Each structure stands twice: as C-alpha cells, then as structure tokens.
Amino acid sequence: MIIDGKEISKKVKDSLLPRIECLAKKGIVPGLAVVLIGDDPASKVYVSMKSKAFISMNLVSETFRLPADIDQGSVLSLIDDLNKSEKFHGVLVQLPVPDHLDSMEILQAIDPDKDADGLHPTNMGRMLLGIECPLACTPHGIIMLLKYSKIDTSGQHIIVLGRSNIVGKPIANLLIQKREMGNATVTICHTRTRNLKEITRQADILIAAIGKPEFVDRSFVKKGVVIIDVGVNRVDDPTSKRGYRLVGDVKFDEVKEIAGAITPVPGGVGPMTISMLITNTLYLAEKYETKRSEGI
Ligand code: NAP
C-alpha cells in the first residue's frame, strides 16, 4: 500500500470545515503569521506552500520577511508585536534561521497560546505529559497518516531514525502515550547507534527522519514493515527542469517491494505537516474565542 499523504491531508482539511464555519459565525477567521528570515530557497518554498494552503481555505496567512543579517533583538521585537496582534492566532518562525541567531530563544519568545508549530518548550512539555496542546506539526501529521491508513500502533515495535527536536523526539513521545495511536514500544536511533540495521530490521513500523537521501535500503527492513519517510532531500538531476529532484531518506523503489505500506516523497508526510499547521491555528483561534467570550 502506498500511503497517499495528499489524499489524507485533504480529508483532514475537510474535517476542519465545520469548525472553521462555526468560528466564522462568531466573526473570527483563523490567522497565521509566518516569519521568514533570509533567502534559503527551500524555506521560501515551504512558506509559500503553507500560505497557499491557508488561502485556499479562506484563512488568513501573512508572511513577514526579514533580511538574513537581521539582529536577534529585531526578530524578538517582531514576535512580541505578533504575540499582541488580534489578527493572528498562530505565529511561526520558519526554521532553520541564520546561524548568528539563537533559534531556541526565538522559539521561546512565541506566546505558547500562539505557538502554531507546537515547538515551544511549554507545549513540548504538555505533549510529553499528555495535556491537550498544539502538537508539533510533522509528528502529529505522522500520527494522522497512520490513523487514516488504519495502521494501529498499539504494541507495535516502532523504530524512529533521528532524534531532532522537531521530528524524532516528539514523534517518539507521542507514540508511547497511553491512548489511541500510542501504546507503541519505541526505539530511537541516531548517529551513535551501534548495529543500526540489526535494530531497524526489528521494526514493525520504521520512521526515517535523518535527512540523508535514500539512506534506508532493503537491507534495513523486514518484509511487511510500514515505512514513514519524513526526509526531504534535494539531489542533482540534470534531466529535471529545476536541475534537482526531491527524494526521501528511504530508497522508495527498492523498499516498496517488501514493505507492507510506505509513504512517497513528495506526497507523503509533507502535505500532512501543512494540514496539521492549519489544525493548530484553528485550535488556537478556538481557544482565543473561548477566552474572549468568557471575558478573560
Ligand atoms: P536533523 O535536525 O538534521 O536531525 C537528523 C537526525 O538524524 C539526528 O538526530 C541525527 O543523529 C540522525 N542521523 C543523521 N544521520 C544518521 C545516520 N546515518 N544514522 C542514524 N541517524 C542519523 O533533521 P530533522 O530536522 O529531523 O529532519 C530530518 C529530515 O526530515 C530532513 O530531510 C528534513 O528536510 C525532513 N523534514 C521533513 C518535514 C516534512 O514536513 N516533510 C518536516 C521536518 C523535517 P545525531 O543526533 O546523532 O546527529
């Protein structure tokens, strides 16, 4: 089975429409502010995709472009303004930011109640404890991909390749929660893991988030494995108009022959990340409306 992220993403977005209509009746249109710093081509593409998705659902999305040499204080000052703005219920800073900036301080400057990416330490802590909050978008998207594909995680041995703050750590934590789409036995692997293939071959579900083009080949997996390929890597391709093509962390053509289910790149995890960003912004707008109606 090829897990179609575009189709599932559409289903997720459709499921949000009644909630968006309900807010509209109260005069609220969920709004997202995106802060884009510098000229990284991939970041520009991601921001434009996010913005298009919001606009296609008649939601507000505005991008604040800052030069690559901006100083930390100016970024924090913009975030402070966005935190106070009534127009935006969600704020996100597109990562990575230029090296001279402190990304951790920037993420912490976002009001946790406007944290559209779900990466603020407060929300990471809530997620770990199982308290309702905006969840990190890519991990949440992976959970929804599995859920809509009717792949139960309970009791499964799930191997996560990669331990980043935005994918590896949060997805591992969501999968061990004692609730639906949790209850998995999770192993996290990284560059210091010994005998990597011996471990990955035990996976019922393998989530690859390492940023290494087509690193996972058939020798890493057992027959019937479910593969979630998070990686998005540009590789040179003179036959393509753009001069490159996108590949995942998994050798798709080879591994799909033995996998029970697999996500493609593009068209797998990527569209889900955007749907979960919309889900979070809507959730934050609903929280804002509840507080407003209670006069808080
Ligand atoms: P990251 O911050 O660079 O982290 C990569 C992780 O992979 C690190 O923990 C690293 O281990 C581990 N790793 C690297 N090479 C490895 C190897 N050979 N064996 C075992 N572990 C290895 O990456 P990220 O931000 O999580 O992103 C990972 C990939 O997902 C990238 O291609 C990124 O573009 C993609 N991504 C896609 C989406 C989407 O929406 N589709 C969203 C986010 C990210 P150490 O910790 O030991 O260095």
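Scoring rules and cut-offs
- Residues numbered from 1 in each chain as written.
- Predicted model: local features only at pLDDT ≥ 70, side-chain atom pairs only at ≥ 80, totals over all residues.
- Heavy atoms only, no water.
- Axes fitted to C-alpha atoms, helices over the stretch in contact; angles between N-to-C directions.
- Helix = DSSP H or I, 4+ residues; strand = E, 2+ residues; numbered from the N terminus.
- Parallel < 35°, antiparallel > 145°, perpendicular 65-115°, else oblique.
- Left-handed = near helix turned anticlockwise from the far one by under 90°.
- Contact = heavy atoms within 4.5 Å.
- Nonpolar A, V, L, I, M, F, W, Y, C, P; charged D, E, K, R; others polar.
- Patch = residues over 30% accessible without salt bridge, like charges linked within 9 Å, V, L, I, M, F, W, Y side chains within 5 Å.
- Areas by Shrake-Rupley, 256 points an atom, 1.4 Å probe, with all protein chains shown as cover.
- Salt bridge = Lys/Arg side-chain N within 4 Å of Asp/Glu carboxyl O.
- Pairing = 2+ DSSP bridges.
- Right-handed = clockwise from strand over helix to strand, strands pointing away.
- Near = heavy atom within 4 Å.
- pLDDT = per-residue confidence, 0-100.
- Expected span 1.5 Å × (residues − 1).

S.K.: Is there a simple way to explain the packing of helix α2 (residues 41-56) against helix α10 (residues 269-293) in this structure?
M.R.: Helix-helix packing: each pair is described by the crossing angle between the helix axes and the interaxial distance. Contact pair α2 / α10: the axes reach a minimum separation of 10 Å and the direction vectors enclose 55 degrees. In terms of their interaxial angle, α2 and α10 are classed as oblique. At the point where α2 passes α10, the crossing takes the right-handed sense. Of α10, the residues touching α2 (which contributes M49, K50, A53 and F54) are I274, L277, I278 and T281. When grouped by side-chain class, the residues that make up the contact of α2 with α10 number 6 nonpolar, 1 polar and 1 charged.

S.K.: Sorry if this is basic, but what is going on with a nonpolar patch on the surface here?
M.R.: A grouping of V45, Y46, M49 and V232 is seen on the molecular surface, where their side chains present a nonpolar patch of about 310 Å² in accessible area. Here Y46 lies in helix α2.

S.K.: Would you explain the pairing of strand β5 (residues 185-189) in this entry?
M.R.: Side chains on a regular strand alternate between the two faces of the sheet. Where strand β4 (residues 157-161) lies against β5, 5 bridges are found, and the strand directions are parallel. Across the sheet, the residue bridging to I159 is T187, located in β5. Viewed along the sheet, the connection from β4 through helix α7 (residues 168-175) into β5 turns out right-handed.

S.K.: Explain the sheet that holds strand β2 (residues 60-66) here, please?
M.R.: Sheet strands associate in pairs through backbone hydrogen bonding, adopting either a parallel or an antiparallel arrangement. Strand order across the open sheet formed by 3 strands is β2-β1-β3, with parallel pairing between neighbours. If you trace the sheet from one side to the other, it starts and ends with β2 and β3 (90-93), each paired once. Ignoring strand direction, the axes of neighbouring strands in this sheet form an average angle of 15 degrees. Sheet analysis places strand β1 (residues 31-37) next to β3, joined by 4 bridges and oriented parallel. Counterpart to V35 in the pairing with β3 is V93.

S.K.: Would you explain the site of the ligand in this entry?
M.R.: Taken together, 21 residues lie near the ligand, and R163, S164, T191, V232 and T273 sit nearest. Isolated, the ligand exposes 930 Å² of accessible area, and the fraction of that covered by the protein chains is 72%. No other element matches α10, which puts 3 residues into the shell around the ligand. Taken together, the residues of the shell around the ligand sort by class into 9 nonpolar, 10 polar and 2 charged.

S.K.: How should I be thinking about the confidence of the model for the chain in this particular structure?
M.R.: Looking at the chain as a whole, the pLDDT averages 97, with 100% of positions reaching at least 70. Summarising per-element confidence for the chain, the mean pLDDT is lowest in α2 (95) and highest in strand β6 (residues 205-208) (99).

S.K.: Would you explain the environment of G27 in this entry?
M.R.: With respect to the helices, strands and loops of the structure, G27 is situated in the loop between α1 (5-25) and β1. C-alpha of G27 to C-alpha of I171: the two residues are 144 residues apart in sequence and 35 Å apart in space.

S.K.: Would you mind going over α10 with me for this structure?
M.R.: Each α-helix winds once per 3.6 residues, and so residues spaced three or four apart point in a common direction. Taking 1.5 Å of rise per residue, 25 residues should cover 36 Å, and α10 covers 36 Å from first to last C-alpha, within 8% of that figure. Looking one or two residues past α10, G295 carries a phi angle of roughly 70 degrees, positive in sign.

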